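Structural features, examined
If you want the building blocks of each chain, they are given just below.
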Amino acid sequence: QVQLVESGGGLVQPGGALRLSCAASGFIFSAYATRWYRQPPGQERELVASISRSGGTFINYADSMKGRFTISRDNANNMVYLQMNSLKPEDTAVYYCSFSNSGNDYWGRGTQVTVSS
């Protein structure tokens, strides 16, 4: 059974940092590129960052996250991470990890990140 479980969200002040984690199980994690998405309140889900299977082929970020967010993965432990620095109120959202296989998209339940003073 495929499972993606996000953690690490919470309330943080503007300018602060959080590290999100996503634990994967039930599939060959190292065989798939992985992505982080987010869904701000009242808005559609948007891509945050993506990373190749090995982490060495491509790493891409949405423009508004470049220089502030870092995606990484640990294939030995089936984990993907999102380090978020210099957080802004507009980064408030539910953050999801995801991957695709044969046209099917798999998602975790998400972790809430709230940036507020």
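These remarks concern the structure in this document. (Residues numbered from 1 in each chain as written. Predicted model: local features only at pLDDT ≥ 70, side-chain atom pairs only at ≥ 80, totals over all residues. Heavy atoms only, no water.)

1. Focus: the overall build of the protein
If you tally the helices and strands in the protein, you get zero helices and 11 strands. Taken from the N to the C terminus, the helices and strands of the protein come in the order β-β-β-β-β-β-β-β-β-β-β. Scaling as 2.2 N^0.38, a compact globule of 117 residues should have a C-alpha radius of gyration of about 13 Å, and the protein matches this with 13 Å. Evaluated residue by residue, the protein yields a buried proportion of 39% over its 117 residues. Taking the contacts inside the protein whose residues are at least 6 apart along the sequence as the reference set, 51% of them involve residues at least 24 apart. (Helix = DSSP H or I, 4+ residues; strand = E, 2+ residues; numbered from the N terminus. Rg over C-alpha atoms; globule rule 2.2 N^0.38 Å. Buried < 20%, exposed > 50% of the residue type's maximum accessible area, 1.4 Å probe, protein only. Contact = heavy atoms within 4.5 Å.)

2. A word on the environment of L18
Turning to its location among the elements, L18 is positioned in strand β3 (residues 18–25). Taking the relative accessible area as the measure of exposure, L18 reaches 15% and is therefore buried. When the C-alpha positions of L18 and N77 are compared, they lie 20 Å apart, and in sequence the two are 59 residues distant. Filtering out sequence-adjacent residues up to four positions away, L18 remains in contact with G8, G9, G10, V12, L82, Q83, M84, L87 and V113.

3. Remarks on the pairing of strand β4 (residues 34–39)
Of all six residues in β4, five are buried, a share of seventy percent or more. As paired elements, β4 and strand β5 (residues 46–51) share five bridges and run antiparallel to each other. Bridging across to β5, R35 finds its partner in S50. With antiparallel pairing between neighbouring strands as the criterion, β4 and β5 make up a hairpin whose turn holds six residues, including G42 at a positive phi of roughly 70°. As paired strands, β4 and strand β9 (residues 93–101) are joined by five bridges and run antiparallel to one another. (Pairing = 2+ DSSP bridges.)

4. Quick look at the pattern of salt bridges
Under the criterion given, the structure shown has four salt bridges. For R38, the salt bridge goes to D91, with nearest N and O atoms at 2.9 Å. Separated by 53 residues along the polypeptide, R38 in strand β4 and D91 in the loop between β8 (79–84) and β9 bring together distant segments of the chain. For the pair shown, R38 and D91 are each scored as buried. Close ionic contact of D91 with R68 constitutes a salt bridge, the shortest N to O distance being 2.7 Å. (Salt bridge = Lys/Arg side-chain N within 4 Å of Asp/Glu carboxyl O.)

5. Comments concerning the nonpolar core
Grouped together as the largest cluster of nonpolar side chains are 26 residues, with contacts concentrated most on W36, V48, F69, V80, L82, M84 and Y95. Broken down by secondary-structure element, the contributors of at least two residues to this core are β3, β5, β7 (69–74), β8, β9 and β11 (111–115). (Core = buried A, V, L, I, M, F, W, Y, C linked by side-chain atoms within 4.5 Å.)

6. Re the packing of aromatic side chains
What characterises a pair of aromatic rings is the spacing of the ring centres plus the angle enclosed by the ring planes. Across all of its chains, the model carries seven aromatic pairs by this definition. Relative to F29, the ring of F27 lies with its centre 6.2 Å away and its plane at 65°, an arrangement referred to as edge-to-face. The class for F27 is buried, based on a relative accessible area of 17%. Centre to centre, the rings of Y32 and F99 are 5.0 Å apart; their planes meet at 50°, and the pair counts as tilted. (Phe/Tyr/Trp six-rings, centres within 6.5 Å; stacked < 30°, edge-to-face > 60°.)

None of this, on its own, says anything about what the molecule does.
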